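Spelled out, the chains give:
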Amino acid sequence: MNDKYAPHIEELAKALDGIDHDDIKIELDKLIRFRVPLEEAKRTVLNKFSSKEAPEIKIKDISNAPKSFTLKGRITSVEKRNFVLKGETVDLYSGKILDETGVCLFTAWNDFCLNEGDIIRVHHAYMKLWNNRPELNFGQRSIVEKLPEDPSIPRTEQLFTQTKKIIEINSSDLLVSSQGIVTEMYHRDVTVKGKDTTIIEGVIADETGKLPFTSWVPMDGVDIGNAISFKAAHVRIFRGIPSLNFTHETSWELLPDNKCPFSKNKIMTHEPTSIPIASVLEKNGLFDAVVTGNIISVRPGSGLIERCPVCNRVVQNNVCRAHGTVEGVKDMRIKAILDDGTGAVYIMLNRELSETIYGRSMDEAENIIKLSLSKDAVYESMKRSLIGTYLTVRGNSSKSEFGTTIVARSVWVPEDDLLSRLESLLLKLPEDV
Amino acid sequence: MAEREIAQRLFAKEFNDSTLSLTSVLSYDVTDMNSPNLLISPTGVRINRIFVVGVITEVENLGSETGKERDLWKARISDPTGVFIVYAGQYQPEAAIFLSTVAVPSYVAVVGKARIYEPEKDSVFISIRPEEINSVESTIRDRWVLDTAELTLNRLDLLSEVFFDKMHGEDLAGSLRSRGIDPESAEAIQDAIAFYGTDQNYISKFKQSVRKALLSIKENAGTEMQQKDNAENVIFELLKELGSAKGVQYSCLLKEAESKGIPEEVADAVIRSLLSKGDCYEPRLGVLKLV
């Protein structure tokens, strides 16, 4: 390689403290031979060796992890699996890894010689959603460093079958124990793998929050209003919302009233209260959230729409994306943005809720269109009657690439007592003397 | 995905004082007049989008004056602490049409982007470019004042606490973080303190303005609450009186209510609230019945 690059190598070596001159030279040489302009080549080399270490994160933060990160933890199980990709058999290793904050599944796309019990630090790992749950991935670029035994990292994931408050249960939990009151419960007949079974679905609540549950085994003696304590329920994630799954591994017992850490009556008769939208945005999904804010925008696509009779997709000009030309079924909906000054969420209202909030039935809306001869007339009229108004929305929230959305289960105009709010604010504002 | 910018709630007083734009923090010799994306208010709010409810007091068509833009509308929207200036030009056709027909004075809600215009040093104009604008009821204005007062007070209290600890620089940043303030907002607060010299004195003055703002709507809100309570009683009585076993026709109820001096909108709102509270129900469409 030409000596004229020597000063540049010197410069790079200075910037990349601790990297061997020869390594830099080899890399730069490679790029120069490909006729990469010097500036670009230098940048590339700098990037490659740059110790700009990706941030180190903990497993509990994995769902909000940056694109590439470093993580330290213990492998608690690992198994080799293979699958066929384009006619070739590919090996991969999957298992569980944990740190002091939680446990999660991982997939290694290369053989990193991982063994059960190893303490490792993985660099350039990345997160991917698998079955709606964040999963740690070790890819081509990942580097695994084996570390000496670290007693601060727990040995088994059983530890993470820790008892948690309902609100604390999140995607980092695979198994969880908790206590709560069954506030809703019903049986449903389903077919699982060709067999008819009855499952139990419902909602479990404590003083911090509530979650949906499904039991795949009978729950004799448990009814609505009972407080139960359960151990090792599986946590599944659907649209960012955790749900509890009771299987034969799960155990539970009824909690006598005097052992309840919360007031049963309070939870059963709990009136829904609004929470700041900011706290909804923090979560990947929230079950049965209630928020209050102003409608600051009514989105296009609100108003009268037509749906495919087969798949329920919105159709335009009677053409469905999946089913071709169809006879559209009329429907009405509202898509809007609700903002309370702490954050903004998309809200989706179905026909029934749209009719209540808009104050007109779908038939009346159709008349508006007939009279005005404009397809946008209903959308425009919705905007006029909704923008700026206050609304309380109750439903499940979930985060997606389009932002956080609450699909409304119910919706109403908030009616809290302005005067008493005013008085309590004034109390905080003594007159100047 | 980039999160949607929050529509901030600020009183006009604070908004119009927000002369610190994020670009001018980066470089003080901004030559181009193009507006920045972010303003920092004296209490450290990062303003991109703003939500305002107030009284529209004046609408002016500047179209003929400038000659540049065919249609440029300027409106003044007043809250209890001051006036927001709203400009709607050819790229905000909906807002421009709205402004050309709106009744003055009346209550309006505006969602828009904060704009700063600095034609020369020491003369700064802050305005709103509307994204959405709509007529609303007075109760919404009252609630907006309350919400804004609440959020403003939270910010002022946070600042007070920080000042009480007499923190500066890194300590200040740490202290804000420990209070659960995200790094961006913490930075905005530090910038605000450095730029405006926001201090305890500013806070107590501002609190007095907030107090005045609240008092100004107290009377209004009070009478309206009474009116509504009153209307609710009347309609409840009417439902009892007229409601046979089959219930009473909605239109009939409205007519009776009007004859007792309750305007149609009020009656409609009251009926809806009775329905949502579960005091009455609709056995058939357009027929109401007490529970």
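Along each chain, the written sequence defines residue order, and numbers are assigned to residues from 1. Note on labels: chains are lettered from A, ligands numbered from 1, in written order. Local features in this predicted model are restricted to residues whose pLDDT is 70 or higher, and side-chain atom pairs enter the listing and the counts only when it is 80 or higher, whereas totals over whole chains, interfaces and linings include all residues.

J.: What is the right way to read the overall build of chain A from this model?
T.: Segments assigned H or I by DSSP are reported as helices when at least four residues long, segments assigned E as strands when at least two residues long, and all are numbered from the N terminus. A tally of helices and strands in chain A yields nine helices and 22 strands. Here the globule rule reads 2.2 Å times residues to the power 0.38, and the radius of gyration is calculated from C-alpha atoms. At 28 Å, chain A has a C-alpha radius of gyration far larger than the 22 Å of a compact globule built from 433 residues. When the 433 residues of chain A are sorted by exposure, 28% land in the buried category. Throughout, a pair of residues is in contact if the C-beta atoms placed from their backbones lie within 7 Å. Sequence-distant contacts, at least 24 apart, represent 58% of the contacts inside chain A between residues at least 6 apart. Three exposure classes are used, all based on how many other C-beta atoms lie within 10 Å of a residue's own C-beta (placed from the backbone): buried at 20 or more, exposed at 12 or fewer, and partly exposed between those limits.

J.: Help me understand the overall build of chain B in this model?
T.: When its secondary structure is counted, chain B shows ten helices and twelve strands. Taking all 291 residues of chain B together, 36% fall into the buried category. Considering only contacts within chain B whose residues lie at least 6 apart along the sequence, 64% involve residues at least 24 apart.

J.: For this particular structure, what's the right way to read the interface of chain B and chain A?
T.: Taken together, the contact pairs 33 residues of chain B with 27 residues of chain A. Breaking the side of chain B that touches chain A down by element, the ones donating at least two residues are strand E1 (7–8), strand E5 (49–61), strand E8 (106–120), strand E9 (123–135), helix H5 (138–164), helix H8 (200–242) and helix H10 (264–277) of chain B. Asp, Glu, Lys and Arg are counted as charged, while Ala, Val, Leu, Ile, Met, Phe, Trp, Tyr, Cys and Pro are counted as nonpolar; the rest, among them Gly, fall into the polar class. Of the residues that constitute the side of chain B that touches chain A, the class distribution is 17 nonpolar, six polar and ten charged.

J.: Could you clarify how one ought to interpret the confidence of the model for chain A in this entry?
T.: pLDDT expresses, on a scale from 0 to 100, how confident the predictor is about each individual residue. Mean pLDDT for chain A: 86, with 97% of residues reaching 70 or above. Considering each helix and strand of chain A separately, the mean pLDDT is smallest for helix H4 (residues 264–268) of chain A, with a value of 76, and largest for strand E20 (residues 344–349) of chain A, with 95.

J.: What am I meant to see in the pairing of strand E6 (residues 133–138) of chain A here?
T.: Moving residue by residue along a regular strand, the side chains alternate between the two faces of the sheet. All names here are of chain A. Any two strands with at least two DSSP-identified bridges between them are counted as paired. In this structure, strand E4 (residues 102–108) lies alongside E6, joined through three bridges in parallel fashion. For Phe 106, the partnering residue across the bridge sits in E6 and is Leu 136. For strand E5 (residues 119–130) and E6, the ladder comprises five bridges, and the chain directions are antiparallel. Residue pairing for E6: Tyr 126 is matched across the bridge by Asn 137.

J.: Explanation requested: the sheet that holds strand E10 (residues 248–249) of chain B in the structure shown.
T.: Hydrogen bonds along the backbone pair up the strands of a sheet, which may run parallel or antiparallel. Residues and elements named next belong to chain B. If you walk across this open sheet you meet the three strands as E10-E12-E11, and the pairing is antiparallel. Each edge of the open sheet is held by one strand with a lone partner, namely E10 and strand E11 (280–281). The pairing of E11 with strand E12 (residues 287–290) spans two bridges and is antiparallel. Bridging across to E12, Tyr 281 finds its partner in Lys 289.

J.: How should the domain arrangement of chain A be read in this particular structure?
T.: The figure often quoted for interface size is the accessible area lost as the parts come together. As annotated, the domain borders come from an automatic or database domain assignment. Along its sequence, chain A is carved into domain 1 (3–49), domain 2 (56–147), domain 3 (161–268) and domain 4 (277–412). If you average the C-alpha positions of domain 2 of chain A and of domain 4 of chain A, the two centres end up 40 Å apart.

J.: Please explain the domain arrangement of chain B as it appears in this structure.
T.: Its domain assignment divides chain B into domain 1 (7–137), domain 2 (146–217) and domain 3 (223–290). Look at where the C-alpha atoms of domain 2 of chain B and domain 3 of chain B centre, and you get two points 46 Å apart.

J.: Is there a simple way to explain unusual backbone geometry in this structure?
T.: Glycine aside, residues mostly have negative phi angles, and peptide bonds mostly take the trans form. With omega at -5°, the peptide bond leading from Val 104 of chain B into Pro 105 of chain B counts as cis. Relative to the assigned elements, Pro 105 of chain B resides in the loop between helix H4 (93–101) and E8.

J.: Just to check I follow, could you spell out the nonpolar core for this structure?
T.: Note on soluble globular proteins: their nonpolar side chains tend to be buried together. Core analysis: the largest hydrophobic core is formed by 106 residues, its most contacted members being Leu 338 of chain A together with Ile 50 and Val 110 of chain B. Residue contacts for Leu 338 of chain A: discarding those within four places in its chain leaves Val 291, Gly 293, Ile 295, Ala 344, Val 345, Ile 347, Leu 391 and Val 393 of chain A. Core analysis: the second largest hydrophobic core is formed by 18 residues, Ile 62, Leu 71, Val 122 and Leu 136 of chain A among them. Think of a nonpolar core as buried Ala, Val, Leu, Ile, Met, Phe, Trp, Tyr and Cys residues chained together by C-beta atoms that fall within 7 Å.

J.: When you look at the packing of helix H9 (residues 418–427) of chain A against H5 of chain B in this model, what are you seeing that I'm missing?
T.: It is the contact of H9 of chain A with H5 of chain B, at a shortest axis distance of 11 Å, that shows an interaxial angle of 30°. Compared by their axis directions, H9 of chain A and H5 of chain B come out roughly parallel. Considering only the axes of H9 of chain A and H5 of chain B, their crossing is left-handed. For the pair H9 of chain A and H5 of chain B, contact is made by Leu 418, Arg 421, Leu 422 and Leu 425 of chain A and by Asp 142, Arg 143, Leu 146, Ala 149, Glu 150 and Leu 153 of chain B, respectively. To obtain each axis, a line is fitted to C-alpha atoms, and for helices this fit is confined to the stretch in contact; angles are then taken between N-to-C directions over 0 to 180 degrees. Note that the term roughly parallel is reserved for angles under 35 degrees, roughly antiparallel for angles over 145, roughly perpendicular for angles of 65 to 115, and oblique for everything else. Crossings are sorted by hand: turned counterclockwise from the far helix by less than a right angle, the near helix makes the crossing left-handed, and turned clockwise it makes it right-handed.

J.: Explanation requested: the environment of Glu 253 of chain A in the structure shown.
T.: Tracing the backbone shows Glu 253 of chain A in strand E13 (residues 251–254). Between the C-alpha atom of Glu 253 of chain A and that of Ala 322 of chain A, which follows or precedes it by 69 residues, the distance is 48 Å.

J.: Would you take a moment to explain the sheet that holds strand E4 (residues 46–47) of chain B for this structure?
T.: All names here are of chain B. What the three strands build is an open sheet, ordered E2-E3-E4; its pairing is antiparallel. On the outer flanks of this sheet lie strand E2 (20–21) and E4, each paired with one strand and no other. In this structure, E2 lies alongside strand E3 (residues 39–40), joined through two bridges in antiparallel fashion. Considered in E3, the bridge of Ser 21 is made with Leu 39.

J.: What is the right way to read the packing of helix H1 (residues 6–15) of chain A against helix H2 (residues 21–33) of chain A from this model?
T.: Packed helices, taken two at a time, are described by the angle between their axes plus the distance between the axes. All names here are of chain A. The contact between H1 and H2 brings their axes to 10 Å, and the two run at 125°. Here H2 runs oblique to H1, going by the angle between their axes. Of the two elements, H1 crosses H2, and the hand of that crossing is right-handed. On the side of H1, the interface is formed by Ile 9, Leu 12 and Ala 13, while H2 contributes His 21, Ile 24, Lys 25 and Leu 28. A class-by-class count of the residues in the contact of H1 with H2 yields five nonpolar, one polar and one charged.

J.: I would appreciate a short explanation of the pairing of strand E7 (residues 143–147) of chain A in the present structure.
T.: Residues and elements named next belong to chain A. In terms of residue burial, E7 counts as a barely covered element, since only zero of its five residues are buried. Sheet topology note: the E5/E7 ladder contains five bridges and is antiparallel. Directly across from Val 122, in E7, lies its bridge partner Val 144.

J.: Just to check I follow, could you spell out the confidence of the model for chain B for this structure?
T.: In this model, chain B carries a mean pLDDT of 83, and residues with pLDDT of at least 70 account for 88%. Across the predicted assembly, pTM comes out at 0.74 and ipTM at 0.78.

J.: I keep staring at the environment of Val 345 of chain A and nothing clicks. Help me out?
T.: Residues and elements named next belong to chain A. Along the chain, the position of Val 345 falls in strand E20. Accessibility expressed as a C-beta count within 10 Å gives 23 for Val 345, which makes it buried. Remark: the alpha-carbon pair of Val 345 and Ser 397, spanning 52 residues in sequence, is separated by 8.8 Å. Beyond its immediate sequence surroundings of up to four residues, Val 345 is in contact with Ile 277, Val 280, Val 291, Leu 338, Ser 397, Thr 404, Thr 405 and Ile 406.

J.: How do you make sense of the environment of Leu 172 of chain B when you look at a structure like this?
T.: All names here are of chain B. Looking at the secondary structure, you find Leu 172 in helix H6 (residues 169–178). Look at Leu 172 and you get partly exposed, because 18 C-beta atoms sit within 10 Å. On a C-alpha basis, the gap between Leu 172 and Arg 115 in space is 29 Å, while along the polypeptide they are 57 residues apart.

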